[in-house]
Amino acid sequence: MTRIGLLMVLALLLAACGNNAAVVPGPTATVMQADAPAATGEESLRPVTLAMGYIPNVQFAPFYVAVERGYFAEEGIDLTFDYGMESDLVQLLAANELQFAVASGEQVLLARSQGLPVRYVANWYRRFPVAVTSLEHDLSDPTVLEGKTVGLPGLYGANYIGWLALVQAANLDGDAVTLEAIGFNQTPVLAEGRVDAAVVYATNEPLVLEAEGFTPSTINVADWIDLVANGLMTNETTIQDDPQLVQGMVRAMVRGIRDTLADPDAAFEIVRDERWGAEINAENAELQRAILDATLPFWENERVGVVPRTSWETTQNFMVEAGLLEAPTNLDEVFTNEFAEQVQ
């Protein structure tokens, strides 16, 4: 389980905080009750926990919108957000001690390769949001990074996955690049000129740098390779024993994504409510809104919730070639579009 343990540190949620630097979540889980209006009566709602894998954030807007507008309640769900960063989240899900989590595609592939009965049931981020940014070099040609020093949190997580994918897709000589572990300090490290470039989230650090007066050059991994990014993951027991619950979770999530894309102004006003814990105030509201606006294109999808099989094939092929998977696994056991395709 070593690979899963390493990657779960960060890759569960491909989102970044919108404050002046990336925030490292603490070890203590935060569980927040959604308190949505209950269309079917408060006493009839079924308690369900959704593991978010990250701190409360403006980029969770679709979920907050779905709760605020009663979409989960309409499905008979009393939703609780668990913001803990548990390293054994996939194992908990596989053991049915947890039923739902937000996770990226490579997490599900890694889990299935280890025989864990989990499955990806609905897409959220259609584009993988990891990027590389620099204040010193024009990254329109990624090979400019050869012979340079690139900073990243460490050799784990979504940042590292994104870097390996870019190296492969852009035909970079990875051996000619010096990787430096800088923790979640990309913004100050870049500003101080301590590295030539850094692996970041496309919707976070570049915007923070711009707000501080810099002009970063950024290359998005999604422009080079179609990796499966974040979505909703559950386990085989829940799919088999309670498909209506899975359908309800998927439908409410998809409705929240659609609403946020259609009216980001209204969505942002919902997120600003202090009960969500996103800590948006007068000082950071402009930046937080910019982060939301920058994130919207990463959610856009020809059919919200559905991810093409070709994207899974691309992701799996990359992981095998990169040595992250020993061999291909049966993709029919990895994901299903059945629930998302039923959402009108």
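Up top is the structure.
Conventions adopted
Residues numbered from 1 in each chain as written. Predicted model: local features only at pLDDT ≥ 70, side-chain atom pairs only at ≥ 80, totals over all residues. Heavy atoms only, no water. Axes fitted to C-alpha atoms, helices over the stretch in contact; angles between N-to-C directions. Helix = DSSP H or I, 4+ residues; strand = E, 2+ residues; numbered from the N terminus. Parallel < 35°, antiparallel > 145°, perpendicular 65-115°, else oblique. Contact = heavy atoms within 4.5 Å. Nonpolar A, V, L, I, M, F, W, Y, C, P; charged D, E, K, R; others polar. Pairing = 2+ DSSP bridges. Core = buried A, V, L, I, M, F, W, Y, C linked by side-chain atoms within 4.5 Å. Buried < 20%, exposed > 50% of the residue type's maximum accessible area, 1.4 Å probe, protein only. Phe/Tyr/Trp six-rings, centres within 6.5 Å; stacked < 30°, edge-to-face > 60°. Lys NZ or Arg CZ within 6 Å of the ring centre and 35° of its normal.

J.: When you look at the packing of helix 2 (residues 61-68) against helix 10 (residues 243-262) in this model, what are you seeing that I'm missing?
T.: Angle between the axes and distance between the axes are the two parameters that describe a pair of packed helices. Contact geometry for helix 2 and helix 10: axes closest at 8 Å, N-to-C directions at 110°. Taken together, the axis directions place helix 2 and helix 10 in an arrangement best described as roughly perpendicular. Contacts from Ala61, Pro62, Phe63, Val65 and Ala66 of helix 2 reach helix 10 at Ala252, Met253, Gly256, Ile257, Asp259 and Thr260. Partitioning the contact of helix 2 with helix 10 into residue classes produces 8 nonpolar, 2 polar and 1 charged.

J.: Hey, could you run me through the environment of Val221 in this one?
T.: Position of Val221 among the secondary structure elements: in the loop between strand 10 (217-220) and strand 11 (231-235). As a C-alpha pair, Val221 and Leu164 span 57 residues in sequence and 9.7 Å in three-dimensional space. The residues touching Val221, leaving out its near neighbours within four places in the chain, are Phe128, Val130, Ala131, Gly162, Ala165, Leu166 and Leu227.

J.: Help me out: how do you make sense of the sheet that holds strand 8 (residues 178-181) in this one?
T.: Strand order in this open sheet of 5 strands is 8-7-9-6-10, and the pairing throughout is mixed. This sheet does not close on itself; its edge strands, each paired only once, are strand 8 and strand 10. Between one strand axis and the next, the sheet turns through 30° on average, direction left out of account. Where strand 7 (residues 149-152) meets strand 9 (residues 197-201), 2 bridges bridge the pair, whose relative direction is parallel. Residue pairing across strands places Val150 opposite Ala197, the latter belonging to strand 9.

J.: I'm lost on the nonpolar core in this one. Help?
T.: Among soluble globular proteins, nonpolar side chains are generally buried collectively. Membership of the largest hydrophobic core comes to 117 residues, with the highest contact counts inside it found for Leu50, Phe63, Phe81, Trp163, Met249, Val250 and Trp312. Residues contacting Phe63, with those up to four places away along its chain left out, are Leu50, Met52, Phe72, Phe81, Val102, Trp124 and Met253.

J.: It is not clear to me how the packing of aromatic side chains should be interpreted in this structure. Could you clarify?
T.: By convention here, two paired aromatic rings are described through the distance between centres and the angle between planes. Under the counting rule described, the total for this entry stands at 14 aromatic pairs. When the ring of Phe60 is compared with that of Tyr83, the centres are 6.0 Å apart and the planes differ by 55°; the resulting orientation is tilted. Of this pair, Phe60 sits in the loop between strand 2 (46-51) and helix 2 while Tyr83 is found in the loop between strand 3 (77-82) and helix 4 (89-94), placing the two residues 23 residues apart along the sequence. Pair check on accessibility: Phe60 and Tyr83 agree, each one buried. With a centroid separation of 6.0 Å and an interplanar angle of 25°, the aromatic rings of Phe60 and Trp124 are classed as stacked. Note that Phe60 is positioned in the loop between strand 2 and helix 2 and Trp124 in the loop between strand 5 (118-123) and strand 6 (130-134), a separation of 64 residues in sequence. We classify Phe60 as buried; its relative accessible area is 0%. Note on Trp124: relative accessible area 1%, which makes it buried. Three or more aromatic residues joined by ring pairs make a cluster, and in this case those are Phe60, Phe63, Tyr64, Phe81, Tyr83, Trp124, Tyr125, Trp276 and Trp299. Over the face of the ring belonging to Phe298 we find Arg127, whose NZ or CZ atom lies 5.3 Å from the ring centre.

J.: Is there a simple way to explain the pairing of strand 4 (residues 100-103) in this structure?
T.: Regular strands place their side chains on alternate faces of the sheet. Side-chain alternation along strand 4 places Phe100 and Val102 on one buried face and Ala101 and Ala103 on a second face that is also buried. Two strands pair when backbone bridges link them, and strand 4 and strand 11 are joined in this way by 3 bridges, in the antiparallel orientation. Within strand 11, the position partnered with Ala101 by the bridge is Met233.

J.: Can you help me understand unusual backbone geometry in this one?
T.: Among all residues save glycine, negative phi is the norm, and among peptide bonds the norm is trans. Phi at Asn96 takes a positive value of approximately 65°, unusual for a residue other than glycine. In this fold, Asn96 is placed in the loop between helix 4 and strand 4. A relative accessible area of 32% means that Asn96 is categorised as partly exposed. The backbone of Glu279 shows a phi angle near 55°, a positive value even though the residue is not glycine. Tracing the sequence through the fold places Glu279 in the loop between helix 11 (264-271) and helix 12 (285-299). Among the residues examined, Glu279 registers a relative accessible area of 60% and is labelled exposed.

Structural measurements only, silent on function.
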